[in-house]
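Single-letter residue listing:
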Amino acid sequence: MPYMIETFDKPGTLDLRTQVRDTHLAFLDAHKHLLLACGAKLDDDGNAAGGGLYVVALETRAEAEAFIASDPFFTAGLFERVQIQRWRKAYVDGVCYLPEAK
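Just so it is clear, the model here is predicted, and its values are computed rather than measured.

Caption draft 1: Fine view of the layout of surface pockets. Approximately 190 Å³ is the volume attributed to the largest pocket. Lining the largest pocket are 16 residues; nearest its centre among them are Arg17, His24, Gly39, Ala40 and Phe73. At the level of elements, α1 (14-30), β2 (35-42) and β3 (48-56) are the ones that each hand at least two residues to the lining of the largest pocket. Counting residues per element, the lining of the largest pocket draws most heavily on α1, which supplies 6 residues. When the residues that make up the lining of the largest pocket are grouped by side-chain class, the tally is 8 nonpolar, 6 polar and 2 charged.

Put into structure tokens, the structure is as follows:
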């Protein structure tokens, strides 16, 4: 069952996020086979809101912890807090994955 990883940037780290972004994007590309979805959190005006959300196809919490710990944003010290939660894939791109709903 996948995991949802929500990250929260430390205050005042937008410059750090910008500096590490290309390396972070290369990391995501190298791990795209694990990514069900991911992206930065934005405010209502579409500006960076200081964190991100990943939904990753991993089987254990230890794998999810290792994944986020190897993200360049994490290793650069960008995150104030990381929250990891199991996630049930119910609907993705309009497709139902719930066995009881099919």
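Caption draft 2: View of unusual backbone geometry. Even without being a glycine, Asp93 presents a positive backbone phi close to 50°. Topologically, Asp93 is positioned in the loop between β5 (91-92) and β6 (95-96). Judged by its relative accessible area of 78%, Asp93 is exposed.

Caption draft 3: How the structure looks around the packing of aromatic side chains. Under the definition given, this model contains 4 aromatic pairs. Between Phe73 and Phe79, the ring centres sit 6.3 Å apart and the planes meet at 85°, which makes this aromatic pair edge-to-face. Here a set of aromatic residues connected by ring pairs shows up, and it is made of Phe27, Tyr54 and Phe67. Directly above the aromatic system of Phe8 lies the positively charged group of Lys41, at a separation of 3.7 Å from the ring centroid.

Caption draft 4: Fine view of the sheet that holds strand β1 (residues 3-9). As summarised here, the arrangement of the 4 strands in space is β2-β3-β1-β4, forming an open sheet in which the pairing is antiparallel. Each having just a single partner strand, β2 and β4 (79-86) make up the two edges of the open sheet. In this sheet, adjacent strand axes meet at a mean angle of 15° when their direction is disregarded. Two elements, β1 and β4, share 7 bridges in a ladder whose sense is antiparallel.

Caption draft 5: The pairing of β2, seen in detail. As paired strands, β2 and β3 are joined by 6 bridges and run antiparallel to one another. Directly across from Leu42, in β3, lies its bridge partner Ala48. The antiparallel pairing of β2 with β3 creates a hairpin that spans 5 residues between the two strands, and Gly46 there sits at a positive phi of about 85°.

Caption draft 6: Representation of helix α2 (residues 61-69) in the model. All of the buried residues along α2 are Ala64, Phe67 and Ile68. Down the axis of α2, the buried set is contained in an arc of 90°. They therefore lie on one face.

Caption draft 7: Structural view of the pattern of salt bridges. According to the stated counting rule, one finds 3 salt bridges in the structure shown. With a closest N to O distance of 3.1 Å, Lys41 and Glu6 form a salt bridge. One end of the pair, Lys41, is in strand β2; the other, Glu6, is in strand β1, with 35 residues separating them in the sequence. A salt bridge links Asp29 to Lys32, with the nearest nitrogen and oxygen atoms 3.4 Å apart. Of the residues examined, Asp29 reaches a relative accessible area of 47% and is grouped as partly exposed. A relative accessible area of 55% means that Lys32 is categorised as exposed.

What counts and what doesn't
- Residues numbered from 1 in each chain as written.
- Predicted model: local features only at pLDDT ≥ 70, side-chain atom pairs only at ≥ 80, totals over all residues.
- Heavy atoms only, no water.
- 1 Å grid on protein atoms, 1.4 Å probe; cavity = no way out; pocket = protein on both sides within 12 Å on 5 of 7 lines; lining within 4 Å.
- Points joined across faces, edges and corners; volume = space filled by probe spheres on them.
- Helix = DSSP H or I, 4+ residues; strand = E, 2+ residues; numbered from the N terminus.
- Nonpolar A, V, L, I, M, F, W, Y, C, P; charged D, E, K, R; others polar.
- Buried < 20%, exposed > 50% of the residue type's maximum accessible area, 1.4 Å probe, protein only.
- Phe/Tyr/Trp six-rings, centres within 6.5 Å; stacked < 30°, edge-to-face > 60°.
- Lys NZ or Arg CZ within 6 Å of the ring centre and 35° of its normal.
- Pairing = 2+ DSSP bridges.
- Axes fitted to C-alpha atoms, helices over the stretch in contact; angles between N-to-C directions.
- Arc of directions from axis to C-beta.
- Salt bridge = Lys/Arg side-chain N within 4 Å of Asp/Glu carboxyl O.

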